[in-house]
Amino acid sequence: MSKNEMLRNINAKRIDQLICQLTAHVQKLQQRKTLVRDTTAYKAQLIAEHKQLQIDVAVLKQRLADAEVMNGKKVYPLPNATKPVVISEAKPEPKAQPEVKQPEPKPQQPSNNQNNKGQQQPKKQQPKKKDANNNKNASAAKAPAKGNEPAKVDVSRLDMRVGLIRSAKLHPDADGLYLEEVECGEGQPRQVISGLVRHIPIEEMQMRPCVLLCNLKPAKMRGVMSHAMVMCASTPEKVEILVPPPGSKPGDKVTVEGFVGDPDQQLNPKKKVFEAIQPDFLVSPEGYALYKGVPWKINGEHVTAPSMRGCGIK
């Protein structure tokens, strides 16, 4: 038996075990009569979000096409295609530079042979300078093509760390929001706004460990700036703060095996990077936080949800 076949057999056994565990978990939820209510509400929410994202994508595509037309590029819609083909008009300026009517002084050669001999050397040097300029233009044209390579969109672009909620109080202008001071290994705590009032008592918010998303763009919520987001297991009916493993310290990084890279210094909200990554977050039947089926880990240990299972993470 080859190594590939052995690996397939091992993966098949793991899949069968996971299916058995999920089946047992679903049966328990069905017995408690809670699965259909939670699942249908969450499914409706996901469908609504998906439709909104489709609308946003269509609007952005149209804006892109309009911008291309305004910049002098022709847009040719193809049949049975959602993306218009944009053909930019070739710029003749760099190609016309070599043709600067150099042969015009050549008819003077038969009349003044001696003068033309002295003028032949500078004429030979001119095309060399223009060739060098053309090479520079060609290299400059190639440079932006490399910079236009699309950046990967996965969990490695998120800066998630261990946080410690040192204090929490009610938002002065919003009954459903907490105003928190969260330590995340930066020397000074960050001010964070969280909509957890209806889910977690204020007494349980004091000196509480959490997982903090630190590279969102700061946003003002009811007049107060929020500089991060507390990551939670979430359904429409219930929300729980994710729990870092024992022994972790504020500032310890969350890693996901197989997704390596440096996080963005600050996520651009217009590019909706987090919105593209978040649908792949899930809490497993064992209570582990997952991204595309791979556990979140801090110092090699799992990030967990206290009691919620099979739900999303926001």
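Computed from a predicted structure; not experimentally measured.

Here's the deal with the nonpolar core
- Counting 26 residues, the largest nonpolar core has Leu158, Met160, Met231, Leu242, Phe281 and Trp296 as the members making the most contacts within it.
- Sorting the residues of this core by element identifies strand E3 (160-171), strand E6 (208-213), helix H5 (273-277), strand E13 (281-283), strand E14 (289-291) and strand E15 (294-298) as the ones contributing at least two each.
- Among the elements that line this core, the one with the most residues is H5, at 3 residues.
- With near-sequence residues (within four places) excluded, Met160 lies in contact with Val155, Val211, Leu212, Leu213, Met231, Asp252, Lys253, Val254 and Trp296.
- Counting 17 residues, the second-largest nonpolar core is a separate cluster that includes Cys184, Leu212, Cys214 and Val239.

Focus: the pattern of salt bridges
- If you walk through the whole model with that rule in mind, you get 9 salt bridges.
- Linking Asp264 and Arg157 is a salt bridge whose minimum nitrogen-to-oxygen distance equals 2.8 Å. In this pair, Asp264 sits in the loop between strand E12 (255-256) and H5 while Arg157 sits in the loop between helix H4 (113-147) and E3, placing the two residues 107 residues apart along the sequence.
- Residue classification places Arg157 among the buried positions, given a relative accessible area of 12%.
- Taking the shortest distance from any N to any O, the salt bridge between Arg166 and Glu183 comes out at 2.6 Å. Placement of Arg166 in strand E3 and of Glu183 in strand E4 (residues 174-183) is noted, with a sequence separation of 17 residues between them.
- Each of Asp159, Arg161, Glu186 and Arg190 takes part in a single network of salt bridges with overlapping partners.

Focus on the sheet that holds E6
- Spatially, E5-E4-E3-E6-E9 is the arrangement adopted by the 5 strands of the open sheet, whose pairing is antiparallel. The open sheet is flanked by strand E5 (190-194) and strand E9 (229-230), the only strands paired with a single partner.
- Here 7 bridges tie E3 to E4, and the two strands are oriented antiparallel to one another. Residue pairing in the sheet places Ser167 in a bridge with Glu181 of E4.

Considerations on the layout of surface pockets
- Roughly 640 Å³ of internal volume is contained in the second largest pocket.
- Lining the second largest pocket we find 25 residues, and of these Ile193, Leu216, Ala228, Met229 and Phe274 sit closest to its centre.
- Mapped onto the lining of the second largest pocket, the elements with two or more residues apiece are E5, strand E7 (219-221), E9, strand E10 (232-234) and H5.
- When residues of the lining of the second largest pocket are assigned to their parent elements, the largest contribution, 3 residues, is made by H5.

Observations regarding the sheet that holds E10
- The strand order E11-E10-E17 describes an open sheet built from 3 strands, whose pairing is antiparallel. Looking along the sheet, the strands with just one partner apiece sit at the ends: strand E11 (239-241) and strand E17 (312-313).
- Two elements, E10 and E17, share 2 bridges in a ladder whose sense is antiparallel. From the neighbouring strand, Ala233 faces E17, where its bridge partner is Ile313.

Examining the packing of aromatic side chains
- Tallied over the entire structure, the rule returns 3 aromatic pairs.
- Residues Phe281 and Tyr291 carry aromatic rings whose centres are separated by 5.8 Å and whose planes lie at 70° to one another, so their mutual orientation is edge-to-face. With Phe281 in strand E13 and Tyr291 in strand E14, the pair connects residues that are 10 residues apart, well separated along the chain.
- Judged by centre distance (4.9 Å) and plane angle (75°), the rings of Phe281 and Trp296 are edge-to-face. In this pair, Phe281 is assigned in strand E13 and Trp296 in strand E15, connecting sequence segments 15 residues apart. Just as Phe281 is buried, Trp296 falls in that class too.
- Each member of the aromatic cluster is reached from another via a ring pair, and the members are Phe259, Phe281, Tyr291 and Trp296.

Focus: the side chain of Glu180
- Inspection of the secondary structure puts Glu180 in strand E4.
- Within the buried core, Glu180 has no salt-bridge partner, and the shortest N-O distance to an opposite charge, that of Arg208, equals 9.6 Å.
- A polar contact is formed between the side chain of Glu180 and the side chain of Ser194, at a distance of 3.0 Å.
- If near-sequence neighbours (up to four positions away) are discounted, Glu180 is found in contact with Ile165, Ser167, Ala168, Arg190, Gln191, Val192, Ser194, Leu196, Met205 and Val230.

Things to note about unusual backbone geometry
- We note that Arg222 has phi near 55°; this positive angle belongs to a residue other than glycine.
- Mapped onto the elements of the fold, Arg222 is located in the loop between E7 and strand E8 (224-226).
- The class of Arg222 is exposed, set by a relative accessible area of 55%.
- At Lys272, a position not held by glycine, the phi torsion is positive, near 50°.
- Examined against the element boundaries, Lys272 turns out to sit in the loop between E12 and H5.

Quick word on the environment of Glu49
- Within the fold, Glu49 resides in helix H2 (residues 35-70).
- Judged by its relative accessible area of 32%, Glu49 falls in the partly exposed class.
- Spatially, the C-alpha atom of Glu49 lies 9.9 Å from that of Glu275, the residues being 226 residues apart in sequence.

Thresholds applied
- Residues numbered from 1 in each chain as written.
- Predicted model: local features only at pLDDT ≥ 70, side-chain atom pairs only at ≥ 80, totals over all residues.
- Heavy atoms only, no water.
- Core = buried A, V, L, I, M, F, W, Y, C linked by side-chain atoms within 4.5 Å.
- Buried < 20%, exposed > 50% of the residue type's maximum accessible area, 1.4 Å probe, protein only.
- Helix = DSSP H or I, 4+ residues; strand = E, 2+ residues; numbered from the N terminus.
- Contact = heavy atoms within 4.5 Å.
- Salt bridge = Lys/Arg side-chain N within 4 Å of Asp/Glu carboxyl O.
- Pairing = 2+ DSSP bridges.
- 1 Å grid on protein atoms, 1.4 Å probe; cavity = no way out; pocket = protein on both sides within 12 Å on 5 of 7 lines; lining within 4 Å.
- Points joined across faces, edges and corners; volume = space filled by probe spheres on them.
- Phe/Tyr/Trp six-rings, centres within 6.5 Å; stacked < 30°, edge-to-face > 60°.
- Lys, Arg positive; Asp, Glu negative; His and termini not counted.
- Polar contact = N/O pair within 3.5 Å; in protein donor to acceptor, adjacent residues only side chain to side chain.

Keep in mind these numbers describe shape, not what the thing actually does.
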